[in-house]
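# Structure assessment
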Number of protein chains: 2
Amino acid sequence: MLRITIDNADPDPAYQQVYRQLRKAILGGELSPGSRLPSSRLAARESAIARVTIVRAYEQLIAEGFIESQVGAGTFVAAQLPKIEEPAQKAYHPVLTTWGQRVISINHTGERGADSTRPEIDFGFGRSFAEKFPYDIWRRLLGRYLSTDDAMLSRYGSAAGYYPLRQAVADYLIRARGVRCTPDDVVIVSGAQQAIDILSRLLLNPGDEVVVETPGYRDAFALFRLHQAKLVGLPVDNQGLPVDRIPKNCRARLVFATPSHQFPKGGTMPLARRLALLAWAREHEAVVIEDDYDGDLRYEGGSLAALEGLDEDGRVVYLGTFSKVLFPALRLGYLVLPRALAVPFVQAKELVDRGAPTLTQAAVADFLAEGHFERHLRHLRHLYGEKRAALAAALDEYLGGRVRYSPVAAGLHVMLYANTHLDEARLVRDAAARGVRVYAGAPYHLERPAPPSILLGFSGLNEDEIAEGVYRLAAAWPD
Amino acid sequence: MLRITIDNADPDPAYQQVYRQLRKAILGGELSPGSRLPSSRLAARESAIARVTIVRAYEQLIAEGFIESQVGAGTFVAAQLPKIEEPAQKAYHPVLTTWGQRVISINHTGERGADSTRPEIDFGFGRSFAEKFPYDIWRRLLGRYLSTDDAMLSRYGSAAGYYPLRQAVADYLIRARGVRCTPDDVVIVSGAQQAIDILSRLLLNPGDEVVVETPGYRDAFALFRLHQAKLVGLPVDNQGLPVDRIPKNCRARLVFATPSHQFPKGGTMPLARRLALLAWAREHEAVVIEDDYDGDLRYEGGSLAALEGLDEDGRVVYLGTFSKVLFPALRLGYLVLPRALAVPFVQAKELVDRGAPTLTQAAVADFLAEGHFERHLRHLRHLYGEKRAALAAALDEYLGGRVRYSPVAAGLHVMLYANTHLDEARLVRDAAARGVRVYAGAPYHLERPAPPSILLGFSGLNEDEIAEGVYRLAAAWPD
């Protein structure tokens with residue numbers, strides 16, 4: 001007879017322990033198919049376990065088909081139990097689609113700086129200044145919905161986003177960014193990645209050309225490549241995408257641009273060029289994705305009005321994010337879509353992801369509508385402005401003459417271009433040996449060979465760390 | 001000279017108002033290209049606006065290229081300003097990819113019951129019992145991370161999910177669901193939709209067959225169709241997917257099944273059939289997606305162990321969700337992936353969506369790890385059990401003899417099959433006229449004609465509403 005024991009230290013209920021032991025014995029062959037099990041009364045007595053515990057375990061085994069109860073005859077291990085096979089020799093290896101194979105080949109997780117050693121000073125890009133975030137306000141706003149409005153939590157939200165948030169975003173964009181939109185044009189997404197992915201699925205056929213800036217947003221490059229697009233990379237000057245250099249025979253139906261603040265080089269696209277870009281798009285029946293990833297965070301003068309505001313025939317898709325001003329871990333971004341694209345976009349989002357978490361959206365809606373967002377933004381502009389000044393001073397002092405870069409008019413990073421030959425990978429290693437993590441510029445460039453360059457994000461560091469980091473970087477920099 | 005005015009009631013800063021008026025005048029042609037603007041001093045005097053305000057507006061217009069400052073000569077409307085074109089006659093209409101066209105044709109947003117009239121009694125499926133959610137605990141857990149660990153918020157999280165949550169999920173699944181996994185096998189997603197979408201992108205080539213249950217999960221049908229899969233629908237019996245009826249010539253590489261509790265018909269797949277399914281998958285080099293959408297919410301006996309726990313060669317992908325036990329608006333689900341699929345899945349997720357919100361993940365991790373989840377689950381089982389009993393009693397009393405259905409052994413819904421001919425659409429309309437919203441069963445069935453059926457979700461209603469709703473449904477039901 002099988003020995004069944006109860007371990008009081010085991011967090012599982014007793015009946016679960018009995019169930020597990022019997023299940024294992026059946027699968028392991030100790031209890032063979034068709035064999036009779038003792039009655040629950042007998043098993044209880046022999047193992048000194050409460051009968052109700054045995055009964056519950058039996059019931060579960062019956063429900064799962066391991067054992068069968070025959071009225072008047074007793075309980076038996078299921079007779080038609082197929083022979084349990086040995087752990088398979090041929091373990092499954094997936095045969096990936098070509099899409100899956102491209103995922104693997106594009107993967108750059110490793111490069112993103114995921115290695116385990118944590119540097120003393122990390123010029124990582126895209127971190128927010130979370131220690132200054134108004135947590136008290138945020139907690140209050142979240143709490144508001146946690147007790148009163150459970151109907152909001154208990155249903156699936158709209159795939160397009162929580163309506164009051166779409167309203168608050170529209171109000172903000174009209175006021176601050178010169179975007180022309182209604183709440184119905186705004187769609188909430190998990191971030192720019194999701195927006196670009198869904199837009200690509202809707203608009204890019206394999207082999208289609210996409211006009212992009214180089215240097216540019218590498219994650220957008222990756223997504224367009226994932227959709228088998230052919231990237232037409234235009235080297236930017238200090239006014240962003242040089243529209244007049246788009247090849248005459250270019251048949252792109254999609255342009256990805258950062259007109260407010262070119263990523264990652266810096267520079268702003270002037271009006272004439274913006275209008276030229278829109279004219280080009282109109283002529284070529286193309287869509288322009290305007291990635292306004294840090295248009296909020298402009299240090300001097302107001303933020304520039306968005307390209308979207310100049311678009312007269314609905315071919316600009318505006319992308320924005322809360323990651324920079326609130327925090328990246330929030331995972332909320334938004335789009336303003338031309339009406340003709342909004343319907344398919346929302347239907348696609350509904351199918352592939354349903355929607356963003358309602359509670360967070362409700363809290364962000366109030367954060368915007370009650371003025372906390374713009375207040376925090378002003379605060380951040382000031383704080384980041386000081387970091388920016390510290391960076392400029394350190395670059396001037398320690399690397400003056402060895403690098404050139406566009407003034408940091410906005411945002412949280414700078415792209416340094418070496419004035420002389422530079423082995424990027426070696427510099428990154430040498431800096432790491434001095435406790436400083438900096439980022440090679442090559443992955444952001446489509447030109448080959450890429451101009452030697454280094455990306456520094458400064459938002460995660462304080463002013464002393466910035467100065468010390470640049471000092472150490474300079475020490476690693478070849479003469 | 002242009003009249004510039006400041007409206008004190010306008011929430012925008014004064015310089016923005018000046019900027020806007022000048023910008024409009026330039027784009028509208030009132031200020032023509034090359035024309036000279038008054039000096040800031042003069043403009044300030046003439047308009048009775050502070051000079052600093054005018055200067056800031058000018059600066060912004062210069063930055064955007066609307067005007068130019070020529071040292072010693074003054075400020076001019078940009079000369080190379082292209083002629084502003086008339087609002088385009090040919091507004092943009094997107095040319096969608098075939099994927100986008102399938103999105104439009106598959107769309108069933110409308111059917112989901114999005115119409116504006118709110119019925120008195122809504123037998124909507126998939127709502128949670130949010131009023132009983134322990135909000136105090138949830139608030140405390142969220143608050144824990146809102147002040148102390150800002151490093152968590154300020155960085156992008158891992159695409160695979162927040163590690164302590166993956167750990168807590170693994171612990172729970174091993175203990176409660178018989179899944180065999182480590183935290184590394186667990187990936188956090190926004191829900192089952194995202195999981196199925198990414199798996200389809202990784203594994204389904206156009207034209208591939210997919211074995212599904214009918215009736216079944218319509219959103220999975222939609223996603224597989226979006227990937228141009230050919231659905232092989234097997235009519236389920238009261239033991240789930242009839243594995244022995246998979247056509248001999250079926251070449252499916254993917255099976256989508258709900259072995260713990262067949263959706264939406266009910267019934268549990270017994271052991272013999274589970275083992276047969278795994279053997280079939282092994283023989284056909286197929287992957288089985290086990291959607292355990294409500295395996296937690298079983299009313300009698302323990303929850304059944306997952307199919308995944310029987311899988312010896314890593315070809316089962318287990319899907320779970322927090323929507324039913326916590327709340328749908330949370331937008332968090334999880335997968336347990338065979339090791340060989342975990343790497344491409346996480347890399348794909350990183351590219352198309354980055355990751356789930358860290359703060360929410362941290363709170364859910366603690367909710368699980370500290371036992372609140374299982375405590376709440378027991379509470380819910382009790383509460384839903386009472387609703388279930390009310391539903392069974394009402395169906396018996398008012399619709400007995402006219403419908404048949406599997407006992408509600410788990411979950412939050414029942415699929416009623418009419419014993420005689422039934423015009424579903426008409427019944428849904430007639431019930432609506434009586435203030436009751438019920439859902440046609442046809443979209444869940446692949447058989448044509450679909451057996452006449454009605455889906456009732458009971459989680460969003462109290463016991464009186466359930467009784468009253470079934471009473472009114474019966475009144476609408478044709479004899």
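Residue numbers run consecutively from 1 along every chain, following the written order of its sequence. To read the labels, note that chains go from A and ligands from 1, taken in the order they are written. Per-residue local features of the predicted model are confined to residues with pLDDT of at least 70, and side-chain atom pairs are confined, for both listing and counting, to 80 or more; whole-chain, interface and lining totals are unaffected and use all residues. To get the side-chain values, take all heavy atoms of the structure and skip hydrogens and water.

### Details of the overall build of chain A
We count a stretch as a helix when DSSP gives it H or I for four or more residues in a row; a strand needs E for two or more, and each element gets its number in order from the N terminus. The helix and strand inventory of chain A stands at 15 helices and 16 strands. Just to be clear, the radius of gyration here is over C-alpha atoms, and the globule rule we use is 2.2 Å times residues to the power 0.38. Taken over C-alpha atoms, the radius of gyration comes to 30 Å for chain A, far larger than the 23 Å a tight globule of 479 residues would show. In terms of its C-alpha atoms, chain A occupies a principal-axis envelope of roughly 90 × 50 × 50 Å. Taken across its 479 residues, chain A has 60% of its residues classed as buried. Contacts: residue pairs with any heavy atoms within 4.5 Å of one another. Relative to all contacts within chain A whose residues are 6 or more apart in sequence, the contacts with residues 24 or more apart total 72%. For every residue, the accessible area obtained with a 1.4 Å probe (protein chains only) is divided by the maximum for its type, and the residue is called buried under 20%, exposed over 50%, and partly exposed between those limits.

### Details of the packing of aromatic side chains
Residues and elements named next belong to chain A. When two rings of Phe, Tyr or Trp (its six-membered ring) have centres within 6.5 Å they constitute a pair, described as stacked for plane angles under 30 degrees, edge-to-face for angles over 60, and tilted for the intermediate range. What the rule picks out here adds up to 28 aromatic pairs over all chains. The interplanar angle of 75° and the centroid separation of 5.0 Å between the aromatic rings of Tyr 172 and Phe 373 together place this pair among those described as edge-to-face. Of the two residues, Tyr 172 sits in helix α7 (residues 163–177) while Phe 373 sits in helix α13 (residues 372–399), which places them 201 residues apart along the sequence. Take Tyr 172: its relative accessible area is 3%, and that puts it in the buried class. Through successive ring pairs, a cluster of aromatic residues spans Phe 125, Tyr 217, Phe 224, Phe 256, Phe 263, Tyr 293 and Tyr 444. Remark: a charge is flagged as sitting over a ring if the NZ atom of Lys or the CZ atom of Arg is within 6 Å of the ring centre and within 35 degrees of the ring normal. Positioned over the ring face of Tyr 15 is Arg 56, at 3.9 Å from the centre of the ring.

### Quick word on unusual backbone geometry
Looking along the chain, the bond that leaves A:Arg448 and enters A:Pro449 is cis, with omega of 0°. Looking at where A:Pro449 falls in the secondary structure, it is placed in the loop between β15 (439–440) and β16 (453–457). The linkage connecting B:Thr214 with the following residue, B:Pro215, adopts the cis geometry, with an omega of 0°. Its location among the elements puts B:Pro215 in the loop between β6 (209–214) and α9 (218–226). In the Ramachandran plot, A:Arg331 falls in the positive-phi region, its phi being about 55° despite a non-glycine side chain. Examined against the element boundaries, A:Arg331 turns out to sit in the loop between β10 (316–321) and β11 (333–336). At B:Ala48, a residue that is not glycine, the phi angle is positive and equals roughly 60°. Looking at where B:Ala48 falls in the secondary structure, it is placed in the loop between α2 (40–47) and α3 (51–63).

### Here's the deal with the pairing of strand β5 (residues 186–189) of chain A
A regular strand places its side chains so that they alternate between the two faces of the sheet. All names here are of chain A. Residues Val 186 and Ile 188 line one face of β5 and the alternating positions Val 187 and Val 189 line the opposite face, and both faces are buried. When DSSP finds two or more bridges between two strands, those strands count as paired. Note: β5 against β11, 4 bridges, orientation antiparallel. If you follow Ile 188 over to β11, its bridge partner there is Tyr 334.

### Here we look at the environment of B:Asp479
As for its placement among the helices and strands, B:Asp479 is situated in the segment after α15 (463–476). Of the residues examined, B:Asp479 reaches a relative accessible area of 88% and is grouped as exposed.

### A word on helix α2 (residues 40–47) of chain A
Residues and elements named next belong to chain A. Along α2, the positions that sit buried rather than exposed are Ser 40, Ala 43, Ala 44 and Ser 47. The arc that holds every buried residue of α2, seen down its axis, measures 100°, which confines them to one face. In α2, the exposed positions angled more than 90 degrees off the buried face are occupied by Arg 41, Arg 45 and Glu 46. Residues of α2 that are buried in the fold lie against α3 (51–63). Positive phi appears at Ala 48, one or two residues downstream of α2, with a value of about 55°. By arc we mean the arc of the directions from the helix axis to the C-beta atoms, nothing more.

### What about the packing of helix α8 (residues 192–203) of chain A against helix α11 (residues 339–352) of chain A?
All names here are of chain A. Every angle, taken between N-to-C directions, lies between 0 and 180 degrees, and every axis is a line fitted to C-alpha atoms, over only the stretch in contact when it is a helix. Here α8 crosses α11 at 110°, and the two axes come no closer than 10 Å. When the axes of α8 and α11 are compared, the pair comes out roughly perpendicular. By crossing handedness, the relation of α8 to α11 is classed as right-handed. Residues Gln 194, Ala 195, Ile 198, Leu 199, Arg 201, Leu 202 and Leu 203 of α8 touch α11, and the partners they reach there are Leu 341, Pro 344, Phe 345, Ala 348, Lys 349 and Val 352. Looking at the contact of α8 with α11 residue by residue, the classes come out as 10 nonpolar, 1 polar and 2 charged. Should an angle lie under 35 degrees it is considered roughly parallel, over 145 roughly antiparallel, and from 65 to 115 roughly perpendicular; all remaining angles are considered oblique. By the definition used in this description, the sense in which the near helix is turned from the far one sets the handedness, with an anticlockwise turn below a right angle giving left-handed and a clockwise turn giving right-handed. Only Asp, Glu, Lys and Arg are considered charged, only Ala, Val, Leu, Ile, Met, Phe, Trp, Tyr, Cys and Pro nonpolar, and every remaining residue, Gly among them, polar.

### Focus: empty space enclosed by the protein
Where empty space is left in the structure can be found by rolling a water-sized probe over the atoms. The distinction between a cavity and a pocket rests on a 1 Å grid over the protein atoms alone: a 1.4 Å probe fits inside a cavity but cannot get out, while a pocket stays open yet meets protein on both sides within 12 Å along at least five of seven lines, and a residue with an atom within 4 Å of a point counts as lining. Grid points are joined across faces, edges and corners, and a volume is the space filled by probe spheres set on the points. Throughout the structure, instances matching the rule amount to 11 cavities of 30 Å³ or more. Of the voids in this model, the largest cavity is the one considered here, and its volume is about 140 Å³. If you go around the largest cavity, you meet 16 residues; those closest to its centre are A:Leu142, A:Leu359, A:Thr360, B:Leu142 and B:Thr360. Of all the secondary structure elements, the ones that give two or more residues to the lining of the largest cavity are α5 (135–147) and α12 (358–369) of chain A together with α5 (135–147) and α12 (358–369) of chain B. Its residues placed into classes, the lining of the largest cavity shows 14 nonpolar, 2 polar and no charged.

### Concerning the nonpolar core
Definition used in this section: a nonpolar core is a set of buried Ala, Val, Leu, Ile, Met, Phe, Trp, Tyr and Cys residues joined via side-chain atoms within 4.5 Å. In this structure, A:Trp138, A:Phe322, B:Trp138 and B:Phe322 are the most contacted members of the largest nonpolar core, which totals 142 residues. Apart from residues no more than four positions distant in its own chain, A:Trp138 is found in contact with A:Phe133, A:Phe327, A:Leu330, A:Thr360, A:Ala363, A:Val364, A:Phe367, B:Leu146 and B:Leu359. Counting residues in each nonpolar core, the second largest holds 92 residues, with A:Tyr417, B:Phe221, B:Ile289 and B:Ala348 among its members.

### Description of the pairing of strand β10 (residues 316–321) of chain B
Residues and elements named next belong to chain B. β10 sits mainly inside the fold: 6 of its 6 residues count as buried. Residues Val 316, Tyr 318 and Gly 320 line one face of β10 and the alternating positions Val 317, Leu 319 and Thr 321 line the opposite face, and both faces are buried. As judged from the 4 bridges shared by strand β9 (residues 287–291) and β10, these two strands associate in the parallel manner. Across the sheet, residue Ile 289 finds its bridge partner in β10, namely Val 317.

### Focus: the side chain of A:Arg274
Residue and element names in this part refer to chain A. As for its position among the elements, Arg 274 is in helix α10 (residues 271–283). Within the local environment of Arg 274, its side chain forms a polar contact with the backbone oxygen of Pro 259, the two atoms lying 3.3 Å apart. Polar side-chain contacts of Arg 274 include one of 2.7 Å to the backbone oxygen of Met 269. Among residues more than four places away in sequence, those in contact with Arg 274 are Pro 259, Ser 260, Thr 268, Met 269, Leu 304, Ala 305, Ala 306, Leu 307 and Leu 310. Definition of a polar contact: a pair of N or O atoms within 3.5 Å, with one able to donate and the other able to accept a hydrogen when the atoms are protein atoms, and with sequence-neighbouring residues admitted only if both atoms are side-chain atoms.

### With respect to the side chain of B:Gln193
By the secondary structure assignment, B:Gln193 is in helix α8 (residues 192–203). Its relative accessible area of 3% is what places B:Gln193 among the buried residues. Once you skip the residues sitting within four places of it in the chain, B:Gln193 turns out to touch A:Glu350, A:Leu351, A:Val352, A:Asp353, A:Arg354, B:Tyr217, B:Asp219 and B:Leu223.

### With respect to the sheet that holds strand β3 (residues 74–77) of chain B
Residue and element names in this part refer to chain B. Read across the open sheet, the 3 strands follow the order β1-β3-β2; overall the sheet is antiparallel. For this open sheet the edge positions go to β1 (36–37) and β2 (67–70), each flanked by a neighbour on one side alone. The sheet contact formed by β2 and β3 spans 4 bridges and is antiparallel. Each bridged residue has a counterpart across the sheet, and for Gln 70 the counterpart in β3 is Gly 74. Along the sheet, α3 contacts β1, β2 and β3; its crossing angle with β2, the most-contacted strand, is approximately 105°.

### Regarding the sheet that holds strand β12 (residues 403–404) of chain A
Residues and elements named next belong to chain A. Reading across from one edge, β12-β13-β16-β15 is the order of the 4 strands in this open sheet, with antiparallel pairing throughout. At either end of the open sheet lies a strand with only one pairing partner, and these are β12 and β15. Relative to β16, strand β13 (residues 413–418) is paired through 5 bridges, and the arrangement is antiparallel. Opposite His 413, over in β16, you have Gly 457 as the bridge partner. The strands that α13 touches are β12, β13 and β16; relative to β13, the one it contacts most, it runs at about 15°.

### Observations regarding the pattern of salt bridges
Salt bridges are defined by distance alone: a side-chain nitrogen of Lys or Arg within 4 Å of a carboxyl oxygen of Asp or Glu. Following the criterion strictly, the structure yields 38 salt bridges over all chains and no others. One salt bridge in this structure joins B:Arg273 and B:Asp237, with 2.7 Å as the shortest N-O distance. Taken together, the positions of B:Arg273 in helix α10 (residues 271–283) and B:Asp237 in the loop between β7 (230–235) and β8 (254–257) put the pair 36 residues apart, joining distant regions of the chain. Relative accessible area serves as the criterion here: at 14%, B:Arg273 is assigned to the buried category. Looking at B:Asp237, the relative accessible area reads 23%, which means it is partly exposed. Through salt bridges with shared partners, one network takes in A:Arg282, A:Glu285, A:Asp313 and A:Arg315.

### Description of the environment of A:His379
Its place among the elements puts A:His379 in helix α13. Between the C-alpha atom of A:His379 and that of A:Arg402, which follows or precedes it by 23 residues, the distance is 33 Å.

### Comments concerning the confidence of the model for chain A
Residues and elements named next belong to chain A. A residue's pLDDT is simply how confident the predictor is in it, with values from 0 to 100. Counting all residues, the mean pLDDT for chain A is 87, and 92% of those residues have values of 70 or more. Contacts for the low-pLDDT stretch residues 84–89, under 50 throughout, to residues beyond four places or in other chains number 8 contacts. In this model, residues 110–115 is a region of pLDDT below 50 whose contacts with residues beyond four sequence positions or in other chains number 9 contacts. Across the whole predicted complex the pTM is 0.83, and at the interface the ipTM reaches 0.82.

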